[in-house]
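An overview of the molecular structure
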Amino acid sequence: MTKSLLDYAFDCISQSKEPVNFKDLWAYVVKESGMDEDLAARKISSFYTNLMLDGRFVTLGENNWDLRTRHSFDKVHIDMKDVYATVDEEEASGEDEDEDEKEYNKAFEEPKEEDESEEESEEENESEEEQREDR
């Protein structure tokens, strides 16, 4: 019976005393499972998703992974109240969105009067030059 990719990941992290970076973890899994590059490229996203969902593993930030059993609940638990509170604060301020919207809308604004008057004077100069040439 062959091992699952997550079982290879478990073996890799179990052998290490420190958290393992995802890049190194994936390289180990690819090597141990005997995958070729094409298959590895197709499988990496589903492996990452499964790693996130598997209760044996925990991400410690900066894409470093470890076994959940090595860490206390308090260290790895994310309180969703804090996450939503941050989102609510950002939405309440709305400053970033206002700045982004202004930046986006600049491309659609009509030219300022100064720009129009410059364009008109350029057109007048061109028509005067054409009239001189005609004479």
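Here goes a summary of the coordinates provided. (Residues numbered from 1 in each chain as written. Predicted model: local features only at pLDDT ≥ 70, side-chain atom pairs only at ≥ 80, totals over all residues. Heavy atoms only, no water.)

Below, the discussion takes up the nonpolar core. By size, the foremost hydrophobic cluster in this structure holds 18 residues, and its most contacted members are Leu25, Trp26, Phe47, Leu51 and Phe57. Looking at this core, the elements that each hand over two or more residues are helix H1 (5–15), helix H2 (22–33), helix H3 (37–53) and strand S3 (64–67). Leaving out residues up to four positions away in the same chain, phenylalanine 57 has contacts with Leu6, Ala9, Phe10, Ile13, Leu51, Trp65, Asp66, Leu67 and Arg68. (Core = buried A, V, L, I, M, F, W, Y, C linked by side-chain atoms within 4.5 Å. Buried < 20%, exposed > 50% of the residue type's maximum accessible area, 1.4 Å probe, protein only. Helix = DSSP H or I, 4+ residues; strand = E, 2+ residues; numbered from the N terminus. Contact = heavy atoms within 4.5 Å.)

Let us look at H1. Residues Leu6, Tyr8, Ala9, Cys12 and Ile13 constitute the buried set of H1. Taken around the axis of H1, the buried residues stretch over an arc of 155°, which confines them to a single face. Against strand S1 (20–21), H2, H3, strand S2 (57–59) and S3 lie the buried residues of H1. (Arc of directions from axis to C-beta.)

Sheet architecture is open: three strands sit in the order S1-S3-S2, paired in antiparallel fashion. The outermost strands of the open sheet, each flanked by one partner alone, are S1 and S2. (Pairing = 2+ DSSP bridges.)

Applying the stated criterion to the full structure yields four salt bridges. Here lysine 3 ties to aspartate 11 by a salt bridge, and the two come within 2.1 Å at their closest N and O atoms. Residue arginine 56 pairs with aspartate 54 through a salt bridge whose shortest N-O separation is 3.0 Å. On the basis of relative accessibility, which here comes to 28%, the residue arginine 56 falls in the partly exposed class. According to the relative accessible area criterion, aspartate 54 is buried, its value standing at 15%. Connected through salt bridges with shared partners, the residues Asp7, Asp54 and Arg56 form a single ionic network. (Salt bridge = Lys/Arg side-chain N within 4 Å of Asp/Glu carboxyl O.)

The next point concerns the environment of threonine 59. With respect to the helices and strands, the residue threonine 59 is situated in strand S2. Take threonine 59: its relative accessible area is 37%, and that puts it in the partly exposed class. Note: C-alpha distance between threonine 59 and valine 20 (39 residues apart in sequence) is 9.5 Å. Setting aside its immediate chain neighbours within four residues, threonine 59 contacts Asn64 and Trp65. Separated by 3.5 Å, the side chain of threonine 59 and the backbone nitrogen of glycine 61 make a polar contact. (Polar contact = N/O pair within 3.5 Å; in protein donor to acceptor, adjacent residues only side chain to side chain.)

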